[in-house]
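A closer look at the structure
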Amino acid sequence: MTNVYEAYSVINGKQQDGGATTIYNPSNLSEHVGILHDVSSPVVEEATEAAKHAQQAWASLSGLKKGATLENLAVKLEENKEDIATLASSEMGKPIKEMKGEVARGVQLLRYYAAEGSRSDGDVIPAADPQVHQYSKRVPLGVVGVITPWNFPVAIPIWKIAPALICGNAVVWKPAKQAALTASKIMDVFQEVLPAGLINMLIGSGSQLGNTLLEKATIDALSFTGSTATGLHAAAICASRNIKYQTEMGGKNVAVVLDDADLDKTVSAILSGTFTSAGQKCTASSRIVAEKTIMPALKDKLKTAVAELRVGEALDEQNFLGPVSSKDQYEKVNGYISLAKKEANVVAETETIASDQEGYYIQPLIVEGVDANHTLAQEEVFGPFAVLLEAEDFDEAIDIANHTDYGLSASIFTNDLSRSHQFLERSEAGMVRVNLETAGVEFQAPFGGMKMSSSHTREQGQAALEFYSETKTCAIKHNG
Ligand code: NAP
C-alpha cells in the first residue's frame with residue numbers, strides 16, 4: 001500500500017480528533033498502513049446523545065424508506081469493495097480473497113435487511129371479544145451499543161448494524177482497535193447516505209471506551225461479539241442494568257471424521273475450516289476427531305495437504321493463509337505451538353513461509369498424542385492449529401466432540417444418513433453440519449452458539465429481528 005489511511009471516530013456525522021497510533025501491516029512489519037486517532041471515555045455520552053436524537057426521526061420513517069437507505073448503503077459498500085478489502089487485509093492480515101468475500105457478505109446482509117422494511121412486523125391475534133382488534137407489532141429498542149472483534153471487520157459489524165437499523169434503532173459502535181482502520185473506512189463510505197448520528201463509531205480501547213459504553217452510557221441494548229471472558233463481563237454489566245444483551249463468544253469447534261468419509265473431500269473441508277483466516281475464526285475447526293479405523297489414511301492425507309499449504313502476504317492471491325493479526329496474537333498462538341511441540345506429536349506441518357517480509361507468520365500445524373482434557377484440546381487457540389483425537393467408535397466420537405465448555409459449531413464427515421442424523425441431534429453446538437466445514441454459515445440462517453459460546457440468542461436471518469426489537473401487544477375495542 002502506498003497510502004497511509006487516517007482513521008477517526010464519527011459522532012453525529014463529524015470526525016473527532018484524538019491521539020495518534022501508527023498501524024503496521026502484519027504481513028510486512030515495515031509497512032505503515034494507517035494512523036488511528038483514538039478518543040477517550042467522555043465522548044461516549046456525546047455519541048449516545050447523538051444516536052438518541054437521530055433515532056427518533058429514523059424510527060418515524062416507514063419501513064420502505066428505511067429499507068431504501070439500507071439498499072443505498074449496500075450500493076456504496078459494493079462500489080468500495082476493493083478498497084475496503086485491501087485496507088482490511090493490510091490492517092489485520094486476512095487474505096484478500098477472503099476479505100473480498102467478506103465485503104460481498106456485508107452487501108448481501110444489507111440487502112437482506114433492506115427487504116425486511118417491506119415485510120410484516122407483527123401478527124393479528126384473535127380476541128375473545130369480537131369487538132376487540134388485537135395485534136402484536138415489533139417496536140425499536142432505541143440506542144443499541146455494538147462492540148465488535150477484529151477477525152471479521154466488515155461482516156460482523158454489518159450483521160449487527162443492518163438489522164438494528166431496519167428495526168428502527170440508532171447505533172453506537174465500538175469496533176476492535178485491531179480493525180479500526182477498516183471501521184473508519186466503512187463509516188467514510190456510509191456517511192454519504194446516512195443521516196447524521198444514526199451510526200456513531202468510536203475508536204479507542206476496549207477496557208476504557210468499551211467499558212464506559214457498558215457501564216455508563218444510556219444505551220437500550222448491547223450486541224457484543226468477542227472472547228468469552230469479555231463477553232461474560234459485558235453480560236454481567238448489562239444484566240445488572242437490565243439492558244437487553246446478546247454476546248457471541250469463543251469456540252473450540254470440532255470436525256468428526258467417520259470410517260466411511262470421502263477422505264479427499266473431507267481433508268479439503270478440514271483445511272479450509274482450520275486454516276483460512278489463519279485459524280482466527282470463532283467457527284474454526286480446532287479439534288479433529290476420527291474413528292480409529294480411518295485414522296492412518298486421514299493422517300497421511302493431512303500430512304501431504306498441510307505440507308503444500310501456501311502461507312504468505314495477505315494481498316497475494318496465491319496464498320491460502322496470511323499472518324496472524326497482531327503481535328499479541330503472534331505471541332499467544334506461539335505459546336500454544338511451543339506447548340504442542342513439547343507435549344504432543346506433529347502429524348502435519350507447513351514447512352515454509354512464502355514471503356521475504358518480516359510478518360506475524362505462523363506455520364500451520366496439526367498434532368496428536370494428547371487426550372481430550374489437554375489444554376490444546378480445550379482452550380481456544382485462535383491460530384493455524386488443530387489437535388487430532390482418536391475415537392474407538394461413533395459414540396465415543398460424539399462424546400469427545402461434546403467434551404468442551406464451548407458449543408459454537410460442529411461438523412461430521414460421513415456418507416451414513418443415520419449417523420449423520422444422530423450427530424445433528426446429539427451435538428451440543430448451535431451450528432451443526434454434515435460434509436461441510438465448521439465455518440461458513442450463510443447470512444440468511446441463524447448464527448450463534450450453545451454453552452459458553454453465546455448468550456443463547458442468535459444473529460443473522462430472521463433471528464436478528466427478534467433481538468433488535470421488542471414486541472408490543474396492542475388491543476383496541478370498537479365501541480358501538
Ligand atoms: P475481545 O478481546 O473480547 O474484544 C472484542 C471487543 O471487545 C473489542 O472491540 C474490544 O476492544 C472490546 N473490549 C475489550 N475489553 C472490553 C471491556 N472491558 N469492555 C468493553 N469492551 C471491551 O475479542 P477479540 O480478540 O477482538 O476477538 C476474538 C474473539 O472473538 C475470539 O474468542 C473469537 O472466538 C470471538 N469471536 C466470536 C464470534 C461469534 O460469533 N461467536 C465471531 C468472531 C469472533 P479492543 O479491541 O479495543 O480491545
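In this report, the structure presented in the accompanying data block is examined. (Residues numbered from 1 in each chain as written. Predicted model: local features only at pLDDT ≥ 70, side-chain atom pairs only at ≥ 80, totals over all residues. Heavy atoms only, no water.)

Once that is clear, we can look at helix α5 (residues 155-166). In this model α5 runs 16 Å from its N-terminal to its C-terminal C-alpha over twelve residues, within 8% of the 16 Å that 1.5 Å per residue would give. Counting buried residues in α5 gives twelve out of twelve residues, a clear majority hidden from the surface. Among the residues of α5, those classed as buried are A155, I156, P157, I158, W159, K160, I161, A162, P163, A164, L165 and I166. Remark: G168 follows α5 within two positions and exhibits a positive phi of approximately 95 degrees. (Helix = DSSP H or I, 4+ residues; strand = E, 2+ residues; numbered from the N terminus. Expected span 1.5 Å × (residues − 1). Buried < 20%, exposed > 50% of the residue type's maximum accessible area, 1.4 Å probe, protein only.)

The full set close to the ligand counts 31 residues, and T148, K174, S227, M249 and E380 are the nearest of them. A distance of 3.3 Å separates an oxygen atom of the ligand from a polar atom in the backbone of G226. Burial of the ligand by the protein chains amounts to 86% of its free accessible area of 910 Å². Elements with a contribution of two residues or more to the shell around the ligand: α7 (206-215), β10 (221-225) and α8 (228-241). Residue classes in the shell around the ligand are distributed as 13 nonpolar, 14 polar and four charged. (Near = heavy atom within 4 Å. Polar contact = N/O pair within 3.5 Å; in protein donor to acceptor, adjacent residues only side chain to side chain. Areas by Shrake-Rupley, 256 points an atom, 1.4 Å probe, with all protein chains shown as cover. Nonpolar A, V, L, I, M, F, W, Y, C, P; charged D, E, K, R; others polar.)

On to the state of the cysteines, then. Per the stated rule, a full pass over the model turns up zero disulfides. C167 provides the cysteine sulfur closest to C238, a residue in no disulfide bond, and the two sulfurs are 18 Å apart. No disulfide involves C474; its nearest neighbouring cysteine sulfur is the one of C167, lying 16 Å away. The buried category is assigned to C474, whose relative accessible area is 15%. (Disulfide = S-S within 2.5 Å.)

Here we take up unusual backbone geometry. In this structure, N12 takes a positive phi of about 50 degrees despite not being glycine. For N12, the location among the structural elements is in the loop between β1 (5-11) and β2 (14-16). Look at N12 and you get partly exposed, because its relative accessible area is 35%. The phi torsion at H456 lies on the positive side, around 75 degrees, for a residue other than glycine.

Turning to a negative patch on the surface, a few remarks are in order. Taken together, the side chains of E390, D393, E396 and D399 define an acidic patch exposed on the protein surface. Counting through the fold element by element, D399 comes out in helix α13 (residues 394-402). (Patch = residues over 30% accessible without salt bridge, like charges linked within 9 Å, V, L, I, M, F, W, Y side chains within 5 Å. Salt bridge = Lys/Arg side-chain N within 4 Å of Asp/Glu carboxyl O. Lys, Arg positive; Asp, Glu negative; His and termini not counted. Charge placed at Lys NZ, Arg CZ, Asp CG, Glu CD.)

Right, let's talk about the packing of helix α2 (residues 63-79) against helix α4 (residues 96-116) for a bit. Two quantities define a packed helix pair, namely the angle between the axes and the distance from one axis to the other. Put simply, α2 and α4 touch, their axes get as near as 8 Å, and they point 165 degrees apart. By the angle between their axes, α2 is roughly antiparallel relative to α4. Seen along the crossing, α2 lies across α4 with a hand that is left-handed. Together, G67, L70, E71, L73, A74, V75, L77 and E78 of α2 and V103, G106, V107, L110, R111, Y113 and A114 of α4 make up the contact between the two elements. In the contact of α2 with α4, the residues fall into ten nonpolar, two polar and three charged. (Axes fitted to C-alpha atoms, helices over the stretch in contact; angles between N-to-C directions. Parallel < 35°, antiparallel > 145°, perpendicular 65-115°, else oblique. Left-handed = near helix turned anticlockwise from the far one by under 90°. Contact = heavy atoms within 4.5 Å.)

Let's shift gears to the sheet that holds strand β6 (residues 132-140). The three strands lie next to each other as β5-β6-β21, forming an open sheet whose pairing is antiparallel. Both edges of this open sheet fall to β5 (122-124) and β21 (469-477), since each of them pairs with a single strand only. Neighbour-to-neighbour, the strand axes of this sheet turn through a mean angle of 15 degrees, independent of strand direction. Two strands pair when backbone bridges link them, and β5 and β6 are joined in this way by three bridges, in the antiparallel orientation. The partner of V124 across the bridge, within β6, is Y135. (Pairing = 2+ DSSP bridges.)

Remember that the coordinates give geometry; whether it matters functionally is a separate question.
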